[in-house]
Amino acid sequence: MATAQVTTLHDKAGHAASSSPAPDETSDYLRARNVSLAYAGRGNDIVHAIDRVDLSVKRGEFVCLLGPSGCGKTTFLNAVAGFLPISSGELTLRGKPIEKPGPDRAMVFQQPGLLPWRDVLHNVTYGLEMSGKIRGRQAAAHAGALLKLVGLSDFAHSYPHQLSGGMQQRVNLARALAVEPELLLLDEPFASVDAQTREALQVELLGICKRAEVTALFVTHDIGEAVFLADRVCVFTRRPGRIVRDVRVRLPKPRDEARLKPEFLAYVQEVAGVLGSAAAGKANGT
Amino acid sequence: MAIVVTLDSSGTPTRQASSTLARLGQRSERAVLGTAFIVLLFVVWQLVTAFGIEPPILLPSPAGVANAFANLFSSSDIWFDFAASGEELFYGFALAAVVGIIAGLAIGWYPRLGYFFDPFINFLYAVPRVALGPLLIVWLGIGLNSKVALVFLIAVFPVLVNTSSGVRSLDQHLVRVARCFGAGDLKIFRTIALPGSVPFILGGLRLAIGQSLIGVFVAELLGAQHGIGAMIENAGQQFQTDIVFAGLLIFAAAGMVLTAIVRWLERRFDAWRI
């Protein structure tokens, strides 16, 4: 389902995406095998952030990484983004090792990180300008379409400080989607917005991801959020983080009303149980 | 001035109208009070001179200063003074702005350049730079060059220091976002460091205006044929205090006009600020 959509933008810019092998529906899109990551902390300490993480994600999947604070899930996300080099193991995207950030991935941070001197429209075109994909009027038209997608068409010429936190986060999301990434990396993107806005944004995110046909890796410590969004919830142990359980959430989509269903609650309870024992320090293998 | 927040039937405050009024009130309150002090000062000044508490040779009356203005502008000499001081100010300030901004951006952006130049900059910043005047005259002569050099040396530091600290204080989170989109150093500089330091640069320029005017005055004090500073110096030596006052007012007016221009620029560039 996800083979044709991403090529439009690349082709317009003359970057043929054909160099990569056609993604095989059955093969893993993102694959982590025995990935460990340690970095130098304060003093002479070495921080073992994640320990032998195994994960494979297929195209179009929505995977939530859930775990207690400081368990290394964000570190893992940064490694996938290409910000942090892994210490050992194998981390591949479409079969190729991840070495640095690339236009096939886009990151949505907890802080909106909008440029305060650019209006909303030009914040959305920012990613396009930086990656050099398209620019000028074409970029503006593309950004306009994305603003419509996140429901902010009326605010194209507002400045970030005029928007609420939730709206800023939508702009952030639109900016990430503008570069038409195959893989969307989200690091607790809704943690700093109020509960009501968060639920609305979650519903929107699911719709947007479906329409844009992106694969998503979503870091959160909110069990309800993870179950609501995910096709799979991967539960991390305390640091050094390992994935202790991979829970497949088989709730039908769209899930606008899913929170009210008993199945939803059952998943939340299951995940909470796993998380509870993981947080209690039952880290396997160490 | 009362600030009234009324509630309409639905209970939501109708603040739109009243807060605009309040803001208008606040602004005019500011203007009224600010003007009041100036007026008061003039009245006291006029009274002191009218009752002959101080002789006119020490403190001229406001009318006397106005008269001195009229006399000054009736001869063409004043225009030579304006031209001379204006030239010194313009070249010195422009040079300080250009060099200060470019060097500040470079030093702020490349840490090594900062390590290299910072100790020297701190040293020069600590020296009372007007003390360099005599040296500059020895090196560059008594003409325009030494004066421009002095104005430049005095004015360049606020611009340079402000600009480099503006670049250094760039938002690391924005840099991360940009890197995430594959931006290189040059693009990060152009799209984040540069616009982010504009408020700092303008702040530096605003400080540099006052410093430049000090530079012009001191440079002309050290020896000049023409210039408003030279005019003040000559008038002072001949106890023409009315002309001294006129000169001071000219300096003040120049400073205020130039500062107003920079403030206008700041407002334009700060539209995105709260």
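These notes cover the structure that comes with them. These numbers come from a predicted model, not from an experiment.

With that settled, the discussion passes to the interface of chain A and chain B. At the interface, 26 residues of chain A touch 19 residues of chain B. At the junction of chain A with chain B, the criterion picks out zero salt bridges. Counting across the interface, chain A meets chain B through six residue pairs in polar contact (both at pLDDT 80 or more). Elements represented by at least two residues in the side of chain A that touches chain B include exactly β6 (105–108), α4 (126–131) and α6 (165–178) of chain A. Here the element with the most residues in the side of chain A that touches chain B is α4 of chain A; it accounts for five residues. Among the residues making up the side of chain A that touches chain B, the classes are represented as 14 nonpolar, eight polar and four charged.

A few words on the side chain of R105 of chain A. With respect to the helices and strands, R105 of chain A occurs in strand β6. Polar contacts involving the side chain of R105 of chain A include one to the main-chain carbonyl oxygen of K100 of chain A, which spans 3.0 Å. Residues in contact with R105 of chain A, not counting those within four places in the same chain, are V80, A81, G82, L93, I98, K100, P181, L183 and L185 of chain A together with C180 of chain B.

With that settled, the discussion passes to the packing of aromatic side chains. On inspection of all chains with the given rule, the structure shows 14 aromatic pairs over all chains. Ring centres of F190 of chain A and F218 of chain A lie 6.0 Å apart, and the angle between their planes is 55 degrees; this geometry places the pair in the tilted category. Note that F190 of chain A is positioned in the loop between β7 (183–187) and α7 (195–212) and F218 of chain A in strand β8 (residues 215–220), a separation of 28 residues in sequence. Seen from their ring centres, F217 of chain B and F251 of chain B are 5.9 Å apart, and the 85 degrees between their planes marks the pair as edge-to-face.

Now for a nonpolar patch on the surface. Judged by side-chain polarity, V39, V43, L47, F51 and I53 of chain B come together as a nonpolar surface patch covering roughly 510 Å² of accessible area. On the secondary structure map, F51 of chain B appears in the loop between α1 (15–50) and α2 (62–74).

Residue and element names in this part refer to chain A. With phi around 45 degrees, R52 is a residue other than glycine that occupies positive phi space. At E180, a position not held by glycine, the phi torsion is positive, near 50 degrees. Checked against the element boundaries, E180 lands in the loop between α6 and β7. Looking at E180, the relative accessible area reads 19%, which means it is buried.

Quick look at the pattern of salt bridges now. Residues and elements named next belong to chain A. Summed over the entire model, instances satisfying the criterion amount to 18 salt bridges over all chains. Measuring nitrogen to oxygen at the nearest pair gives 3.3 Å for the salt bridge that ties R33 to E90. Pair noted here: R33 is in strand β1 (residues 30–40) and E90 is in strand β4 (residues 88–93), with a separation of 57 residues, a long-range link. According to the relative accessible area criterion, R33 is partly exposed, its value standing at 44%. One salt bridge in this structure joins R94 and D104, with 3.4 Å as the shortest N-O distance.

Residue and element names in this part refer to chain A. In spatial order, the strands read β2-β1-β4-β5; together these four strands make up an open sheet with antiparallel pairing. A single partner strand is all that each edge strand has here, and the edge strands are β2 (46–57) and β5 (96–97). Relative to β2, β1 runs antiparallel, the two sharing eight bridges. Bridge pairing in β2 places V35 opposite V53. Sitting on the sheet, helix α2 (residues 73–81) touches β1, β2 and β4, and the angle it makes with β1 is about 110 degrees.

All names here are of chain B. Taken N-terminus to C-terminus, the directions of helix α5 (residues 133–140) and helix α6 (residues 144–168) make an angle of 140 degrees; their axes are 9 Å apart at the nearest point. On the basis of the axis angle, α5 is oblique to α6. Considering the relative orientation of α5 and α6, their crossing is right-handed. Touching G133, L136, I137 and L140 of α5 are N145, S146, A149, L150 and L153, all from α6. Across the contact of α5 with α6, the residue classes break down as six nonpolar, three polar and no charged.

Calculation rules
Residues numbered from 1 in each chain as written. Chains lettered and ligands numbered in written order. Predicted model: local features only at pLDDT ≥ 70, side-chain atom pairs only at ≥ 80, totals over all residues. Heavy atoms only, no water. Contact = heavy atoms within 4.5 Å. Salt bridge = Lys/Arg side-chain N within 4 Å of Asp/Glu carboxyl O. Polar contact = N/O pair within 3.5 Å; in protein donor to acceptor, adjacent residues only side chain to side chain. Helix = DSSP H or I, 4+ residues; strand = E, 2+ residues; numbered from the N terminus. Nonpolar A, V, L, I, M, F, W, Y, C, P; charged D, E, K, R; others polar. Phe/Tyr/Trp six-rings, centres within 6.5 Å; stacked < 30°, edge-to-face > 60°. Patch = residues over 30% accessible without salt bridge, like charges linked within 9 Å, V, L, I, M, F, W, Y side chains within 5 Å. Areas by Shrake-Rupley, 256 points an atom, 1.4 Å probe, with all protein chains shown as cover. Buried < 20%, exposed > 50% of the residue type's maximum accessible area, 1.4 Å probe, protein only. Pairing = 2+ DSSP bridges. Axes fitted to C-alpha atoms, helices over the stretch in contact; angles between N-to-C directions. Parallel < 35°, antiparallel > 145°, perpendicular 65-115°, else oblique. Left-handed = near helix turned anticlockwise from the far one by under 90°.

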